[in-house]
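Structural description and commentary
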Amino acid sequence: METSWRDKLAAGEIVIIDGGTGSELQRRGVEMNESAWSGAAACEHKDVLREIHADYIRAGAEVITTNTFGTARFVLDAAGLGDAFETINRHAIDAALEAREVAATGPTAVAGSISCLPPNNDISQYPAESVERDAYSELAATLAEGGVDLIALEMMEDTRHSVMALETARETGLPIWLGISCRVADDGTTLVGFDFPNTPIEETLQALLSCEPDVVNIMHSDPDAIEAAISTLRRLWQGPIGVYPELGDFEMPNWNFTSRLTPEDLAERSADWVASGARLLGGCCGTSPEHIRTLSEALPRLNTARRPSK
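Residues numbered from 1 in each chain as written. Predicted model: local features only at pLDDT ≥ 70, side-chain atom pairs only at ≥ 80, totals over all residues. Heavy atoms only, no water.

1. Here we look at the nonpolar core
Ranked by internal contacts, the top residues of the largest apolar core, which has 106 residues, are Trp 5, Ile 151, Leu 153, Trp 177, Ile 180 and Leu 281. At 9 residues, the largest contribution of residues to this core is made by helix 6 (residues 85–103). Not counting chain neighbours up to four residues away, the residues in contact with Leu 281 comprise Ile 14, Val 15, Ile 16, Ile 17, Val 243, Ser 270, Val 274, Leu 295 and Leu 302. (Core = buried A, V, L, I, M, F, W, Y, C linked by side-chain atoms within 4.5 Å. Buried < 20%, exposed > 50% of the residue type's maximum accessible area, 1.4 Å probe, protein only. Helix = DSSP H or I, 4+ residues; strand = E, 2+ residues; numbered from the N terminus. Contact = heavy atoms within 4.5 Å.)

Now the structure itself:
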């Protein structure tokens, strides 16, 4: 299906994407894996996953994201699921494609998610660099061959693992969304990688922007860090900017729905982000189809918040 997100962003229009997928699987009763989080879910819960994607489309999402955040081979190997790599990823891709087929009434893109999630969510457990790079390359190729429309790199936070993921994703020839995740450091001012507190996010951006992604998203970040992150990004990047924050917190393997940011709260905060330059909006972990529906319904208000790009 032909997609329109690129034309809309080029015209300065707002694009609505989906919300959390892994956290929504958990919310609907799917057990999370101790090593791979939601990565294994597509193996036995493809129907639930398909319905989640369809619900996001019905809520107004113009882009949905495959449940492949935790399906790189080294992550699945740690979970004892390496032999199921092809099945898990094929089911994850097909669930998104099938949901688009049954629920979309207009152009809807499927983004293939790639993250640098380490085994057991422990950054000390990354494999040898050659193994890690090969795993990103394998996943990127699997997503491209499976029929996704673009690659969404998610939770890029450092200057080593993220660079490998971006370089291998580029080999597919598909459009690339670069998703940066950050938090405010203990000093109360510096923005650092979400799981890499010694890496200022500006260093990560400088290491990655030379690869010329199509969109840069501030994602899986606390809503209170978004404004500063957009400001930092706009000093370095003149292209399209997206925002899709997390709502809650994580304790492997479960997402804790601790945030009290309601769907209407997210829409109100999104208007501020649009005024600062964001044009792609959605949610990450903790957000639901209702958050996306409210964002979609708030489009008239969000469009009013737009300011001319500088």
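There is more to say after this.
2. Points about the packing of aromatic side chains
Following the criterion strictly, the structure yields 6 aromatic pairs and no others. Taking the centre distance of 6.0 Å and the plane angle of 85° together, the rings of Trp 37 and Phe 69 count as edge-to-face. In this pair, Trp 37 is assigned in the loop between helix 2 (22–27) and helix 3 (41–44) and Phe 69 in the loop between strand 2 (63–65) and helix 5 (73–78), connecting sequence segments 32 residues apart. Here the two residues Trp 37 and Phe 69 agree in accessibility, since each one is buried. Centroid distance Trp 37 to Phe 250: 5.6 Å. Interplanar angle 70°. Geometry classified as edge-to-face. One end of the pair, Trp 37, is in the loop between helix 2 and helix 3; the other, Phe 250, is in strand 10 (residues 249–251), and 213 residues separate them in sequence. Note on Trp 37: relative accessible area 8%, which makes it buried. Phe 250 sits in the partly exposed class, given a relative accessible area of 29%. Aromatic rings pair up to connect Trp 37, Phe 69, Phe 250 and Trp 255 into one cluster. (Phe/Tyr/Trp six-rings, centres within 6.5 Å; stacked < 30°, edge-to-face > 60°.)

3. A closer look at the environment of Ala 135
With respect to the helices, strands and loops of the structure, Ala 135 is situated in helix 7 (residues 129–146). Sequence-wise, Ala 135 and Met 164 are 29 residues apart; in three dimensions their C-alpha atoms are separated by 10.0 Å. Excluding residues that lie within four positions of it along the chain, Ala 135 makes contacts with Ala 72, Arg 73 and Phe 74.

4. Here we look at the sheet that holds strand 4 (residues 150–156)
The 8 strands are arranged 1-12-9-8-5-4-3-2 in an open sheet whose pairing can be described as parallel. Since the sheet does not close on itself, it has two edges, and those belong to strand 1 (15–16) and strand 2, each with one partner. (Pairing = 2+ DSSP bridges.)

5. Let's talk about the packing of helix 11 (residues 263–275) against helix 12 (residues 289–297)
Closest axis-to-axis distance for the helix 11/helix 12 pair is 8 Å, and the angle between their directions is 45°. With respect to helix 12, the axis of helix 11 lies oblique. Crossing handedness for the pair helix 11 and helix 12: right-handed. Residues Pro 263, Glu 264, Leu 266, Ala 267 and Ser 270 of helix 11 lie in contact with helix 12, whose contacting residues are Glu 290, His 291, Thr 294 and Leu 295. Residue composition of the contact of helix 11 with helix 12, grouped by class: 4 nonpolar, 3 polar and 2 charged. (Axes fitted to C-alpha atoms, helices over the stretch in contact; angles between N-to-C directions. Parallel < 35°, antiparallel > 145°, perpendicular 65-115°, else oblique. Left-handed = near helix turned anticlockwise from the far one by under 90°. Nonpolar A, V, L, I, M, F, W, Y, C, P; charged D, E, K, R; others polar.)

6. Regarding the packing of helix 7 against helix 8 (residues 161–170)
Each pair of packed helices can be summarised by the angle the axes make with each other and by the distance between the axes. Two elements in contact, helix 7 and helix 8, have axes whose closest approach is 8 Å; the angle formed by their N-to-C orientations is 40°. Here helix 7 lies oblique to helix 8, going by the angle between them. Where helix 7 crosses over helix 8, the handedness of that crossing is right-handed. On the side of helix 7, the interface is formed by Glu 129, Glu 132, Arg 133, Tyr 136, Ser 137 and Ala 140, while helix 8 contributes His 161, Met 164, Ala 165, Glu 167, Thr 168 and Ala 169.

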